[in-house]
Amino acid sequence: MAEKADEIVSRMTLEEKAKIVVGIGVPPKIPGAAGETHSIERLGIPSVVLADGPAGLRINPVREGDNRTYHATAFPVEIMLASTWNKNILEAVGRAMGEEVREYGVDILLAPAMNIHRNPLCGRNFEYYSEDPFLSGEMAAAFVSGVQSQGVGACLKHFAANNQETNRVFIDTVVSERALREIYLKGFEIATKKSKPWAIMSAYNKLNGKYCSQNEWLLTKVLREDWGFQGFVMTDWGAGNNPVEQMRTGNDMIMPGGEDKVEKIINAVREGKLGEEVLNRNVRNILKVLINSPSFRRYSYSNAPDLNAHARIAYDAGAEGVILLKNNNALPISEDTKIALFGTGQIETIKGGTGSGDTHPRYVVSILDGMRERNLKVDEELVEIYAKYISEMRKKEEYKLEVPGLPRLPQDFLDEKQLERFAEKDDAAIIVISRISGEGYDRKPEKGDFYLSDDEHNLIRKVSQTFHKYGKEVVVVVNIGSPIEVASWRDLVDGILLVWQAGQEIGRIVADTIVGKINPSGKLPITFPKDYSDVPSWNFPGEPKEDPRKVVYDEGIYIGYRYYDTFGVEPAYEFGFGLSYTKFEYKNLKVTMHDNSVKVSFEISNTGNFPGKEVAQAYIRAPKGKLDKPLQELKGFYKTRLLNPGETEKVEIEIGLKSLASFDGEMWLVEKGEYEARVGSSSRDIRLVGKFTINEEIKFNP
Ligand code: BGC
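Residues numbered from 1 in each chain as written. Predicted model: local features only at pLDDT ≥ 70, side-chain atom pairs only at ≥ 80, totals over all residues. Heavy atoms only, no water.

**Considering unusual backbone geometry**
Cis geometry marks the peptide bond from D52 to G53; its omega dihedral reads 0°. Residue position: G53 is located in the loop between strand 2 (49–51) and strand 3 (62–63). The residue after F540, namely P541, is reached through a cis peptide bond having omega -5°. For P541, the position within the fold is in the loop between helix 17 (506–514) and strand 18 (550–552). Its identity as a non-glycine residue notwithstanding, A161 has a phi of 55°, on the positive side. (Helix = DSSP H or I, 4+ residues; strand = E, 2+ residues; numbered from the N terminus.)

**Some remarks on the site of the ligand**
Surveying the vicinity of the ligand reveals 14 residues, the closest of which are D52, R124, H158, D236 and E439. R58 is positioned such that a nitrogen or oxygen atom in its side chain is 3.4 Å from an oxygen atom of the ligand. Contact distances for the ligand include 3.0 Å between an oxygen atom and a side-chain N or O atom of Y204. Here the ligand, which alone exposes 310 Å², has 93% of that area covered by the protein. For the shell around the ligand, the residue count by class is five nonpolar, two polar and seven charged. (Near = heavy atom within 4 Å. Polar contact = N/O pair within 3.5 Å; in protein donor to acceptor, adjacent residues only side chain to side chain. Areas by Shrake-Rupley, 256 points an atom, 1.4 Å probe, with all protein chains shown as cover. Nonpolar A, V, L, I, M, F, W, Y, C, P; charged D, E, K, R; others polar.)

**Description of the side chain of E456**
Tracing the chain through its elements places E456 in helix 16 (residues 454–469). Separated by 2.9 Å, the side chain of E456 and the backbone nitrogen of S453 make a polar contact. When residues no more than four places from it in sequence are discounted, the contact partners of E456 are R408, Q411, I433, S434 and R435. (Contact = heavy atoms within 4.5 Å.)

**Some remarks on the pairing of strand 22 (residues 633–639)**
Taken across its seven residues, strand 22 has six buried, putting it largely inside the fold. Note: strand 21 (residues 615–621) against strand 22, six bridges, orientation antiparallel. The residue of strand 22 that forms the bridge with Y619 is L634. (Buried < 20%, exposed > 50% of the residue type's maximum accessible area, 1.4 Å probe, protein only. Pairing = 2+ DSSP bridges.)

Here's what the structure looks like:
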């Protein structure tokens, strides 16, 4: 492909080259897509279409003067996909999305998004996988492989350290090279090397003083020289302020484009301010990739992807990403349990976040509809009260629906007599608590957002008191895209089920989990802190507070569990946590050294009464040496198959020795000494510990 690209470049005029590196900047041929490239008919170069995003292909579902529909599947949001810890599922979701991309005439999917969850309040955390770069990188690599197996491209975004929405288009993110290499870049490095994405999107923000899209160190030194990236780099939409600098530093394509930028690039070459060889390099990087695209191959797409098959994949992915946070024998309930369903989220269920990560599916099964469809015995009298309440409130000016679920409706509107009545006649209470967030703004450490509002608190307290009086159980279903505070109310209830924003199948997934057709096997990819004041990125979203220009990552590498574990701060629910309806036992740990890796093998048995899957996690604790190290770091994981009660699976996790390295400022360094391999069911539920020794320091270039 490189020769073919070279050959095309050799025949191009300066104007044509400038057009290839700048998008067309007008609505593209596929309505609702995010962008498109210029076509050059003389050379047989077609325009290529780019569309979002991480939870499913985002294109307009309807088109003017056309009675066909163009719906795409709404998959669970990325934080939930990561909660599966299942690479096969990520690959399957990638394949399904890739097919929709191809069959709807799109060439490149603007996903996965893989910024690190530095702070629970980042408005786009739902679009990102994890606080841990290894989990994030592994999930992304599997997803990209799936997408690209369909003959279309994936695009890792947003490169890099775009960990907040506040002032994202100009904030200067100041981070040490060690924290960058080990945390904020690591996931991108893993995914780039493992899955060879067609493209990478540079982020809006500045990184250590320079816009990411104009940052030679990031785009050329790290990405191409250190990691050997072979695809092309595109800007985020409207990022940066200098197209010529973008060209020079290695940002191959400017999106969404604009004639002014084409002109600037042409003039810069004519005036000798930009070498034509730089432009040639960027055009070559782009064409080398686009030559493989469906548009180039004149693929004739069907506009008829298999949405039914993909709905099943969306369901399977959600089924493995549900996390059981608390269970005092409250779940599962039997199918004939009479359920009193509380919370407006039962009807206004949130399938995903807003902004470019949104999707337009054929349907969204709400939690209520899921329960009805599965014939659960929902108290319809209470449902009617909720339906009426929602429709009346949404007519009021102050509660007119702006985005799904917002503005938030007061939840505490039932009187004591009503509660009494339902507690008496029903068998259990389920309360839905929902949140939505999205692109362009961060969440707030306030009531109604990170904290429950008073009315939500009251609802939980009153329902619990009343139902407990009758000896009946109360379960809270949490329908959110990033952590909320749970410590102040979790003791009031008997069970908590975290269903994230599970996409279009959410209601079915909730119903099936509640009755035990799905045994929860998801584990947290992010820590739930006890209180916002415990979060290590204390200066989020930067300074000055009123209108931040700069955000300094003072906490360095101590993000998420790396902080909580090392500094002895107890979280509400730790990284890697998630209960099951069954129990798993770990045994027979063996740790063996090989030339370049250490192998950790052990057995997992299902010792409970329910079939289930377990996510085993391997953390490594390094010896004290020259560099500060977190207490432990995730270096491997494995999700078992469905184990029946009494069944055992043998697990072997191989950890490359190089992956144990820390960055010393110039080089990667694995220090010698005695290491601990810690295998467990969560980062704080370590079941087996073994030791291994590295006799000689390993040092290597980035
Ligand atoms: C977002 C990207 C997205 C792009 C195109 C930007 O605002 O940050 O994630 O891919 O828009 O829609």
